[in-house]
Amino acid sequence: MDYKKIPYYGLFAALAILMGYVEMLIPIPVPIPGVKLGLANVIIIIMMYFMDTKSAFFVSLIRVVLSGLLFAGFAGLLYSLSGAMLSFAVMALLKKTDKFSIVGVSIAGGVFHNVGQIIVAALAVENVKMAYYLPFLLVSGVVTGMLIGIVAKTALGYLKR
Amino acid sequence: MKKTDLLLVVLALVAAAGIYLFYSAGAEKGKGVEITVDGESEAFLPLDTNDSIRIDTEDGYNIVTVQDGKVFVTEADCRDQICVDHKKVSKTGETIVCLPHKLVVAITGDEPGDFDAVVM
């Protein structure tokens, strides 16, 4: 392990948790379970490109567990964990192919975050009827993913200078 | 944005439209509403009678109301209140979900009694 990275882990994890908290303060006028901005993903994507995929993975894991326990409780933790891990896996995969821009990676992340959450939600309520929400969540994943990707791209421009 | 990014967007939107059409194509005016908690059927109300029912779950309560053939959640003590803000539902396949209480309100085309016709 590169010890120079440790301060970055702490800094980025703290930022990601903070983003998650800020997000809770912003009301979203869509009464569909699972629709979120995904502000924390800004930090995860920045880390993916600024450092490396492995570091971003650890920070994502730490963020989900900590903010889950702090703000959401155990059930909420399971939803966000499944969403975050699925979305991270897809983002890492797309980034590796090198065929997508940072915005594309972010869009895929947003979409699969929602897909992951709905799978766990359907398992939790033991009802496949949850799939009814899938179209709305796919569209919202595209929109939020795009916004998040643009924010991350802009921030990275400043970071690299 | 690269071309592949756009492809991704188009794919996601097409999938969304496809699933939406699949649901709305088979949708007709529902006959009843089935309320399940944690996968277990709790109650079944016909849509043609105005009625209200309080469902107590392990995690809290929800009050589901049928009015003029439409179903909505009037009250709940869950933390996100998404089910209360949800639009009224009346067509088959439409659902209202209260995730914190694992409660699902689903419109069906079935009459009360033929529960085995519910396709899971």
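Everything discussed here concerns the structure shown above.
*Asks:* Quick one: what's the story with the overall build of chain A, residue by residue and with numbers?
*Replies:* A count of helices and strands for chain A gives five helices and zero strands. Counting from the amino terminus, chain A carries its helices and strands in the arrangement α-α-α-α-α. Against the compact-globule benchmark of 15 Å for 161 residues, chain A has a radius of gyration of 15 Å, which places it among compact chains. Along the longest, intermediate and shortest principal axes, the C-alpha atoms of chain A span 45 × 35 × 30 Å. Across the 161 residues that make up chain A, the buried fraction comes to 51%. Looking at chain A alone, contacts between residues at least 24 apart form 71% of all its contacts between residues at least 6 apart. When the accessible area of chain A is evaluated, it comes to approximately 7,700 Å², of which 75% is carbon and sulfur surface. Distance between charge centroids for chain A: 6 Å, based on 12 positive and 5 negative side chains.

*Asks:* Talk me through the environment of A:Thr154; I want residue IDs and the actual numbers.
*Replies:* As for its placement among the helices and strands, A:Thr154 is situated in helix H5 (residues 134-159). Distance from A:Thr154 to A:Gly104, taken between C-alpha atoms, is 14 Å for residues 50 residues apart in sequence.

*Asks:* Which residues make up a positive patch on the surface, and what values go with them?
*Replies:* On the surface, a cluster of positive charge is made up of B:Lys29, B:Lys70, B:Lys88 and B:Lys91. The class of B:Lys91 is partly exposed, set by a relative accessible area of 43%.

*Asks:* Account for the pairing of strand S3 (residues 51-56) of chain B, with residues named and values stated.
*Replies:* Residues and elements named next belong to chain B. Strand direction decides the pairing type here: S3 and strand S4 (residues 61-67), joined by six bridges, are antiparallel. Counted as the bridge partner of Asp51 is Val66 from S4. Connecting S3 to the antiparallel partner S4 that follows it, the hairpin turn spans four residues, and Gly60 within it adopts a positive phi of roughly 155 degrees.

*Asks:* Tell me what's going on with the pattern of salt bridges, and back it up with residues and numbers.
*Replies:* Residues and elements named next belong to chain A. Inspection of the entire model under this criterion finds three salt bridges over all chains. Between Lys5 and Asp52 there is a salt bridge whose closest N-O contact spans 3.0 Å. Here Lys5 is found in the segment before helix H1 (6-25), whereas its partner Asp52 is found in the loop between helix H2 (40-50) and helix H3 (53-97), with 47 residues between them in sequence. Asp52 sits in the partly exposed class, given a relative accessible area of 23%.

*Asks:* Help me get a handle on the packing of H3(A) against helix H4 (residues 102-124) of chain A, residues and values and all.
*Replies:* All names here are of chain A. Running from N to C, H3 and H4 point in directions that differ by 145 degrees, and their axes come no closer than 7 Å. In this structure, the crossing between H3 and H4 has a hand that is right-handed. Residue classes in the contact of H3 with H4 are distributed as 14 nonpolar, 10 polar and one charged.

*Asks:* Break down the environment of A:Lys99 for me, with residues and values.
*Replies:* With respect to the element layout, A:Lys99 can be found in the loop between H3 and H4. Accessibility expressed as a relative area gives 54% for A:Lys99, which makes it exposed. Sequence separation of A:Lys99 and A:Val111 is 12 residues, and the distance between their C-alpha atoms is 18 Å. Not counting the four nearest positions on each side in its chain, A:Lys99 is found in contact with A:Leu94, B:Lys2 and B:Thr4.

*Asks:* Account for the interface of chain B and chain A, with residues named and values stated.
*Replies:* Residue-level contacts link 34 residues of chain B with 34 residues of chain A. Of the roughly 2,900 Å² buried where chain B meets chain A, counting both sides, 70% is carbon and sulfur surface. Seen at the junction of chain B and chain A, the total is zero salt bridges. In this structure, the connection of chain B to chain A is made through seven residue pairs in polar contact (both at pLDDT 80 or more). A total of 11 residues in the side of chain B that touches chain A trace back to one element, the largest contributor, which is helix H1 (residues 3-25) of chain B. Residues belonging to the side of chain B that touches chain A are distributed by class as follows: 19 nonpolar, six polar and nine charged.

Rules used throughout
Per chain, residue numbering runs from 1 following the sequence as it is written. Going through the entries in the order they are written, you letter the chains from A and number the ligands from 1. Whole-chain, interface and lining totals are the exception, using all residues; otherwise, since this is a predicted model, local features are given only for residues with pLDDT of at least 70 and side-chain atom pairs are given and counted only at 80 or more. Water and hydrogen atoms play no part in the side-chain values, which are based on all heavy atoms of the structure. Put simply, DSSP marks the helices as runs of H or I at least four residues long and the strands as runs of E at least two long, and each gets a number from the N terminus on. This radius of gyration counts C-alpha atoms alone. The globule rule is 2.2 Å times how many residues there are, raised to the power 0.38. Residue exposure (1.4 Å probe, protein chains only): buried if accessible area is under 20% of the type maximum, exposed if over 50%, otherwise partly exposed. Contacts: residue pairs with any heavy atoms within 4.5 Å of one another. All accessibility values rest on the Shrake-Rupley procedure with a 1.4 Å probe; residue burial counts only the protein chains present in the view. Counted as positive: Lys and Arg. Counted as negative: Asp and Glu. His and the chain ends are not counted at all. One atom stands in for each charge, and that atom is NZ of Lys, CZ of Arg, CG of Asp or CD of Glu. Surface patches are defined over residues having more than 30% relative accessible area and no salt bridge, joining like charges when they lie within 9 Å and nonpolar side chains (Val, Leu, Ile, Met, Phe, Trp, Tyr) when within 5 Å. For this analysis, a salt bridge means a side-chain nitrogen from Lys or Arg found within 4 Å of a carboxyl oxygen belonging to Asp or Glu. In this scheme, strands are said to pair when DSSP sees at least two bridges between them. Axes, fitted as lines to C-alpha atoms, cover a helix only where it is in contact. Angles between the N-to-C directions of the axes lie from 0 to 180 degrees. Throughout, a crossing is termed right-handed when the near helix is turned clockwise from the far one, and left-handed when it is turned anticlockwise from it by less than a right angle. Throughout this entry, Asp, Glu, Lys and Arg are counted as charged residues, while Ala, Val, Leu, Ile, Met, Phe, Trp, Tyr, Cys and Pro are counted as nonpolar. The remaining residues, Gly among them, count as polar. Summed over both partners, buried area is the accessible surface (1.4 Å probe) that two parts give up on being assembled. Under this definition, polar contacts are N or O atom pairs within 3.5 Å; protein pairs additionally need one hydrogen-donor-capable and one acceptor-capable atom, and for neighbouring residues in sequence, both atoms have to be side-chain atoms.

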